[in-house]
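# Coordinate inspection notes
One-letter residues, chain by chain:
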Number of protein chains: 2
Amino acid sequence: MKARVLIRPKEGILDPQGKAVERALPALGFEGIGNVHVGRMVELEAEDPERLDELCEKLLANPLIEDYEIQHL
Amino acid sequence: MKARVLIRPKEGILDPQGKAVERALPALGFEGIGNVHVGRMVELEAEDPERLDELCEKLLANPLIEDYEIQHL
C-alpha cells in the first residue's frame, strides 16, 4: 500500500528554510507570497500500514521538533 | 490562497536519501517497506496562484533533476 508522509517543523519551532524562501521572493519578483514553510516528504510502499506511525516516530521525523501527517494514497 | 508544493527527484535520478532510509529499515525492525522516495514539501499562501508554476521553476525546485506538483488547499 502506498503512503505519503509529510513532515513539518512544529508550530513555534524556527523554520529557517521557510524564512529564507520568504526573504528571497521579493528580490526575484514574487510579491504577495507569505507564510512559507518548508518540510520533507517521504513516499513509500508498506505491506503493513499499521506500523507507519512507529516508522515516522522512530526514523522519518524528529518528534521533538517535527509533526508528521500520513496520507494513504 | 493556500498551496502545497511537493518536490521529488525525477524518475531515473538518484535518490540517495530514499535509498538510505530503505537500507536503514530492516536494522530497525521494519520489514516489508520499499520504494522509498524522499522529497521536499513547501506550504505557502499566495495572493496570485497563477504564478506558482513560475515560482516552482525559478526558486523551489530544480527542474533539471526534480519534478514538482502543486496542490491547492
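Before going into details, it helps to say that this report is about the structure given with it. (Residues numbered from 1 in each chain as written. Chains lettered and ligands numbered in written order. Predicted model: local features only at pLDDT ≥ 70, side-chain atom pairs only at ≥ 80, totals over all residues. Heavy atoms only, no water.)

Now for the interface of chain B and chain A. The partner chain A presents 34 residues to the 34 residues of chain B that form the contact. Taking both sides of the interface into account, the surface hidden between chain B and chain A amounts to around 2800 Å²; carbon and sulfur atoms contribute 60%. Taken together, the links from chain B to chain A amount to 2 salt bridges. With its nearest N and O atoms 2.8 Å apart, the salt bridge here joins Glu43 of chain B to Arg8 of chain A. Applying the counting criterion to the chain B and chain A interface returns 14 residue pairs in polar contact (both at pLDDT 80 or more). Within the residue set of the side of chain B that touches chain A, elements represented by two or more residues are strand S1 (2–9), helix H1 (16–27), strand S2 (33–46), helix H2 (52–60) and strand S3 (66–72) of chain B. Ranked by the residues each element gives to the side of chain B that touches chain A, the list is headed by S2 of chain B, at 14 residues. Classifying every residue of the side of chain B that touches chain A by side-chain character gives 17 nonpolar, 7 polar and 10 charged. Note: strand S2 (residues 33–46) of chain A against S2 of chain B, 11 bridges, orientation antiparallel. Looking across to S2 of chain B, one finds that Gly39 of chain A is bridged to Met41 of chain B. (Contact = heavy atoms within 4.5 Å. Buried area = accessible area lost by both parts, 1.4 Å probe. Salt bridge = Lys/Arg side-chain N within 4 Å of Asp/Glu carboxyl O. Polar contact = N/O pair within 3.5 Å; in protein donor to acceptor, adjacent residues only side chain to side chain. Helix = DSSP H or I, 4+ residues; strand = E, 2+ residues; numbered from the N terminus. Nonpolar A, V, L, I, M, F, W, Y, C, P; charged D, E, K, R; others polar. Pairing = 2+ DSSP bridges.)

Let us now look at the sheet that holds S1 of chain B. The strand order S3(A)-S1(A)-S2(A)-S2(B)-S1(B)-S3(B) describes an open sheet built from 6 strands, whose pairing is antiparallel. Since the sheet does not close on itself, it has two edges, and those belong to strand S3 (66–72) of chain A together with S3 of chain B, each with one partner. Going from strand to strand, the sheet's axes swing by 25 degrees on average, the running direction of each strand aside. Bridging between strand S1 (residues 2–9) of chain A and S3 of chain A involves 7 bridges; their strand directions are antiparallel. The residue bridging Arg4 of chain A from the neighbouring strand is Gln71 of chain A, located in S3 of chain A. Helix H2 (residues 52–60) of chain A rests against S1, S2 and S3 of chain A together with S2 of chain B of the sheet, and its axis sits at about 145 degrees to S3 of chain A. (Axes fitted to C-alpha atoms, helices over the stretch in contact; angles between N-to-C directions.)

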